[in-house]
Each structure stands twice: as structure tokens, then as C-alpha cells.
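Topology and contacts: notes
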Amino acid sequence: MDSDDEFMSDVSSQDDFLGTQGSDDESLGEDFDDLDAGFSDDKDLIKHKKKPYEVEFKVLDPPDIDHEQLGQVNEVCAILGLPPESVAILLRFGRWNKEKLIESYMEHPEETLEEAGLGSNFEGTAKTERVPGFMCDICCEDGDDLETYAMRCGHRYCVDCYRHYLGQKIKEEGEAGRIQCPGDGCNRIVDSKSLDLLVTKELQGRYRELLTRTYVDDKENLKWCPAPNCQYAIDCGVKNRDLRRIVPTVRCFCKHEFCFGCSLSDHQPAPCTLVKMWLQKCEDDSETANWISANTKECTKCNSTIEKNGGCNHMTCRKCKYEFCWMCMGLWSEHGTSWYNCNRYEEKSGADARTAQAKSRSSLERYLHYYNRYANHEQSAKLDKDLYLKTEKKMTSLQSQSGLSWIEVQFLDTASQALQQCRQTLKWTYAFAFYLARNNLTEIFEDNQKDLEMAVESLSEMFEKPVAELAGLKVDILDKTAYCNKRRVILLSDTAENLKNGEWSFNVEW
Amino acid sequence: MGSIKRISKELTELTESPPEGITVELADESNVYEWKITMEGPEGSPYHNGKFLVKLSLPTEYPFKPPTVSFATKIYHPNVTNDEKGSMCLGMLRADEWKPSSKIAAVLQFARQLLSEPMPDDAVEGRIAEQYKNDRVRYEEVAREWTRKHAC
């Protein structure tokens, strides 16, 4: 378990996302020092036993995130004895790394404050003032009754200008945590107290929103759910460097399942890097080039690309009039009288051209094998979903006639969800398999893949039956659904364990 | 409009006590947003003895948004685009670095300073910047040549 230990040591016990993976003796050893924690951990494990491919995570809503920020601000306030609005600026400057920040403050308080845009003057309260004989340096208005404001840096401007400046920064530039004093060359950061004093409630809300956004962006363990209009964030302990060993799929409250590592939709069992390579490959023009090289040949004299679309093997290049044999790529005149029938396969003049051709053809065929299956599952998942939506409508109308209750027709919903999920998994098994080197493990993987695929196809078939027959198939569909889910768990568990233990060998470097 | 008051004040100050080598006037007396600046090439630079026409445009949101500066006279310089626009890229003129209390006088002084000391690392003309760094003599020759041809 050496490699395991090293791997797990990166993660605090709370972030023990591979909890069930650890062998018993290992967890015993760790828990000895802290019996209480050990107990609660064990209880959790029994309550919802995690699969090897599942990771520990938490969904946070915006108030949770605000609460978290506030908690950290208060904690640091208590240690440093500075006002909370200043501590918030400090923490944002230190990207919420409390320990490092406190350390740097203890060592060089003044430099740290200066760099964070704070200055060391914490006297006075935030309030607007009227100053006799004042002229605003921005709009050049003057007058004794002009309402003015200055932060602790003392750069004083009229409230209207200050307000306009803040509004522009927040609304137009989407800036919040790094808004500086309007003074030329002054790097003091505008604190939340000053902001609240000067701008409208609406802008204050926007400002807080922007701050929350940067907070989540700054923290490595937080990520926004990428679903459109989703307001939740996910808290997960998987680090970037773990992504070679784990595919951390998380599920948001909005039901969207995505990868915490790369924010793409769930792509288990394939690791993020391979997914990126695969998507790039599918998108790339290089595959068009591959097709060209597999289906066309170059004139050996002028290199024009030629596609043979019928006729005999005696080719005459349209461009340079060079005559050659399509089969062996050799010079046609060397064929003598053996017209329409190339028997010169061993000739050196054509051998090299043929080797290159064959290689590119077989690599293309290999790619297409995996791509077609990948694309097919993607397409089928869509069709299954459409079918379900149609069926659901019919079932509702059928409900009144057949006397089946709403609850009783839910088995179709469950089956549809299983189909979606299994096809999503199958789709990515093909991308994964494309990069696998051939060995025993790969064969086991392909067996698992085949089992799941067969189960999915037969469930899909039942699903397509006319609505009238569906009620009679209920038990079969329920059984098949359960079987599909089981096969999926087996495939994913097996792949995840091998990935975690570094057992897979690949045909690419990544 | 508050900005008119501010612009008039800056214009008055700049015409009454202009910075060294710089004269300022409005391109059109009825429009305070378009300025015409004549900048003398600083002594010791290959632009010396040249008179460069510089256009300064103020956005309606001035001073909350920065002005834009461009050379109407052709100039061979790493930080000025070598086209009919003659655009300039000054750090302080970027929207996120500009402060409403920054002044046009400072912008102009900075622009003139740039003639003496180009900033090849922030260049808009990569080729000229390259030459400035690697073949200073040749750069100065060409810059002098262009000054004689276009700015005298």
C-alpha cells in the first residue's frame, strides 16, 4: 500500500474521498490517535457506503458561501485585531490562504498591509463630510455644502464622483475586490464599509455577488456548477494533481452531474486528460487529413492528391501526365503488357508507398471503430430521452384508462434514467478504450463493456415497445434496469480501482 | 455636465503653463473633446528637431474613462502603430489602470518621455522593438530619417 499512502496523505481525513478504499488495518492505524473521529467516520461509512468511483463532496448555496467567508474573516479578525472590512481585503489579497497570510503579517505587518492595498491607519469611521473651501479634483466642482468622502488614505472627492466611479467599476468592469481609491497612483482598496455608505442597495448586492464569485474562483476546493443559471457551488477535496488517479464526478442540487476536475459533463471512467485529448481528436481536422491519406494516393511525381473513383489501375495524373499503377504505385511502363492486372506486388518502387498507405488506413479504422461507438451512444441517449418524453405523455393518458396509478408508471422514468446514465458511461468507455494498450486488464475491461452494452441494448429494445405492451413488461423492465445499473457499477468500480492503483497501461503519454 | 468644467480647467492650465516641448489647442473651437497637440522631439532622441502632431480624444465619460492618444504625424517608434492610425498603447490609458483623478498633462508628459525612452517590452510594433533592442544604431538612423521626412 505504499503508493496508496503517499496518495492519501495529500488529503485530510475530512476529505477522505476514497474512504472505503483504505484497507481495515490502514484506517485502524490512522484512527488510533483520535478515537472519537474514528467512530463518527465509521458510522458515516455504514450509512452510505461509497463506491470506489465516488468522491466526497458537498453542495453549497450562496448563503453557505457567504457564511464560510464571514467565518474566516471573523477568525482572522480575532487573531490580528483589525477591523473586519480590512481583514476581508487582506484575505482576498492572500487568496484566502489564512495560515500564509497570518504568517506574513506577523513577520512584516506594514509591508503586508501596504501590498494588500490597506495602509496601516485604521482610525476613524466611514462617513461623508462637508469641508469648507473644498474643490473636487475629479469634476472641479466646489462649494462649502458639497458632500465629500475620503477613505483612510485621505484622498477626498465629492460623493457624486465617488459614486459614479464605483458604479462604473462594479457595473461596467465587473470589478469588486480590487477597486482602488480614485486618487491617481493610490493603491488603497475600497472597503465594503465605504462602499455601502456610497452606493445603492442594488449595487451593493451586485458587489457582494462579484465578491462571492471571486471567492469561489480563488479556492481550489470550490467550483461553480456549470449548468446554466445554476447558483450552487461544489466543495470537493480532489486536487488537480489527483486527476491522473481519480475521475471526480459530482452531482449538484440541480441534478447536473459533472466532473469536478474539468467541469465537463460526467465522463467516467475516462480521466480528464484523456477526455481532452479525445475531444480534441474528434474535433481536429487531422481526421479529415487521415481520411484523405487512407482513401487517396499522391502522384509519385508531382504529389497531386488523387482519389480513384472507378476504372482501371492505369492512372494518368491529370496534372503532370505521369502514368502509374494504382495498385503498386509503380511506373506503368514497367508493367509491360500486363494490362489491367497488377502482378508486380514485390517491386521496390511501390513498396514504400504501400506501407505508409496501409499504416494510415489501419490507424484510421481503429479510430473510427471507437468513434462510431462513442457517437452512437451519444446519439442513442438522445433518442432514448425523446422516446421517454413521448411515452410519458402516452402513459399519462393511459393512466386513466388502464387504472395504473402515477406511482405505478414510475418504472419507466427509472428505466429512462438508467438508460441515459449507462449510455453516458458507455460512450466514455470507448474514448477510454481508444487509449488503452492491449493486455489482460484491457480484455476484462472490454468484457465488462460488452456486458453493459448488451444489457443496455436489450433494455432499450423493451423501452421501444408500443405503450399498450409496456404495462405487461413492467417486471422485465424493472429487472433489466436493475441489471444495467449493476453492470455499470461493476464496470466503473473496476476501472476506478485500477486507475487509482496505476494499473492501466496506455498507448499514449499523458 | 461636470466633465466640461474639468476639461476647461485642464485646457486653461495647459495653455497657460504648458509642459516642456508641448503646445496644446482645440482641434475645433466648438468641441472641447478633440485636442490638437504639437510635441517637439526631445533633445538627445532621434526625434529631435521634429514636430509631431498628436491627437487626443476625450470620451464623453471623461474623466471616468481615459482619453485616447494617437500620432497624426508618421513616426518610427516601437510603441506607436506604423499605420494611418498611429495609435499608442500607454499603460496608464488602459481602462483598468486609469484613475479619474489622473490628468491630461501627465499623459502628455508620459507620451513625450516615451519618445526619449521607448518601452520595447510593451511594443505595438514588434519588429521595431526587436531592432531597438538588438540594433540601436540602425533604429536611430531610421527614426531620424523618418523624422526628417515626415516631421520637419
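Here, the structure is the one placed above.
Read on for an overview of the structure. Keep in mind it's a predicted model, so treat the numbers as computed, not measured. Residue numbers restart at each chain and count upward from 1, following the sequence in its written direction. Think of it this way: whatever chain is written first is A, whatever ligand is written first is 1, and the rest follow in order. For this predicted model, a pLDDT threshold of at least 70 governs which residues receive local features, and a threshold of 80 or more governs which side-chain atom pairs are given and counted, while totals over whole chains, interfaces and linings are taken from all residues.

**Here's the deal with the interface of chain B and chain A**
A common way to state how big an interface is: give the accessible area lost once the parts meet. Filter applied, for reference: Two residues qualify as a contact pair if the distance between their C-beta atoms, derived from the backbone, is within 7 Å. Throughout this entry, Asp, Glu, Lys and Arg are counted as charged residues, while Ala, Val, Leu, Ile, Met, Phe, Trp, Tyr, Cys and Pro are counted as nonpolar. The remaining residues, Gly among them, count as polar.
Facing the eleven residues of chain B at the interface are 13 residues of chain A. For the side of chain B that touches chain A, the per-class residue count stands at three nonpolar, three polar and five charged.

**Some remarks on the pairing of strand β6 (residues 233-236) of chain A**
Taken residue by residue, a regular strand's side chains alternate between the two faces of the sheet. Residue and element names in this part refer to chain A. To be explicit about the condition: With C-beta atoms placed from the backbone, a residue counts as buried when 20 or more other C-beta atoms lie within 10 Å of its own, as exposed when 12 or fewer do, and as partly exposed for counts between those limits. We count a stretch as a helix when DSSP gives it H or I for four or more residues in a row; a strand needs E for two or more, and each element gets its number in order from the N terminus. A pair of strands is considered paired only if DSSP assigns at least 2 bridges between the two.
Burial along β6 is two-sided: Ala233 and Asp235 facing one way and Ile234 and Cys236 facing the other are all buried. Sheet analysis places strand β1 (residues 57-60) next to β6, joined by four bridges and oriented antiparallel. Bridge pairing links valine 59 to isoleucine 234 in β6. With three bridges connecting them, strand β5 (residues 222-224) and β6 associate as antiparallel partners. Paired with lysine 223 across the two strands is isoleucine 234, which belongs to β6.

**As for unusual backbone geometry**
Here the residue pair Gln268(A) and Pro269(A) is connected by a cis peptide bond, since its omega of 10° sits within 30 degrees of zero. The residue Pro269(A) is located in the loop between β8 (257-259) and α11 (272-283) in this model. Omega for the bond connecting Tyr62(B) with Pro63(B) falls within 30 degrees of zero, at 5°, which places this linkage in the cis form. With respect to the helices, strands and loops of the structure, Pro63(B) is situated in the loop between β3 (51-57) and β4 (68-71). Not every positive phi belongs to a glycine, and Lys255(A) is a case in point at roughly 80°. Position of Lys255(A) among the secondary structure elements: in the loop between β7 (249-251) and β8. We classify Lys255(A) as exposed; it has 9 C-beta atoms within 10 Å.

**Side note on the pairing of strand β2 (residues 31-40) of chain B**
Residues and elements named next belong to chain B. Pairing between strand β1 (residues 22-28) and β2: six bridges, direction antiparallel. Paired with isoleucine 22 across the strands is methionine 39, a residue of β2. Taking the residues between adjacent antiparallel strands as the criterion, β1 and β2 are bridged by two residues. Taken together, the seven bridges between β2 and β3 define a ladder with antiparallel strand orientation. Each bridged residue has a counterpart across the sheet, and for threonine 38 the counterpart in β3 is leucine 53.

**Describing the packing of helix α4 (residues 62-80) of chain A against helix α5 (residues 84-93) of chain A**
All names here are of chain A. We apply this condition: In this analysis an axis means a line fitted to C-alpha atoms, helices contributing only their contacting stretch, and an angle means the value between N-to-C directions, from 0 to 180 degrees. Small angles under 35 degrees read as roughly parallel and large ones over 145 as roughly antiparallel, with 65 to 115 read as roughly perpendicular and the rest as oblique.
α5 packs onto α4 with a crossing angle of 110° between their chain directions and a minimal axis gap of 9 Å. Here α4 is positioned roughly perpendicular relative to α5, judged by the angle of their axes. Taken together, the residues of α5 that come into contact with α4 (itself represented by Gln72, Val73, Val76, Cys77 and Leu80) are Pro84, Val87, Ala88 and Leu91. Looking at the contact of α4 with α5 residue by residue, the classes come out as eight nonpolar, one polar and no charged.

**Thoughts on α5(A)**
Residues and elements named next belong to chain A. Across the ten residues that make up α5, a large majority, seven, are buried. For α5, every residue scored as buried is listed here: Ser86, Val87, Ala88, Ile89, Leu90, Leu91 and Arg92. Those residues of α5 that are buried are in contact with α4, α6 (98-107), α7 (109-116) and α9 (192-198). Of the residues trailing α5, arginine 95 is marked for its positive phi of about 50°.

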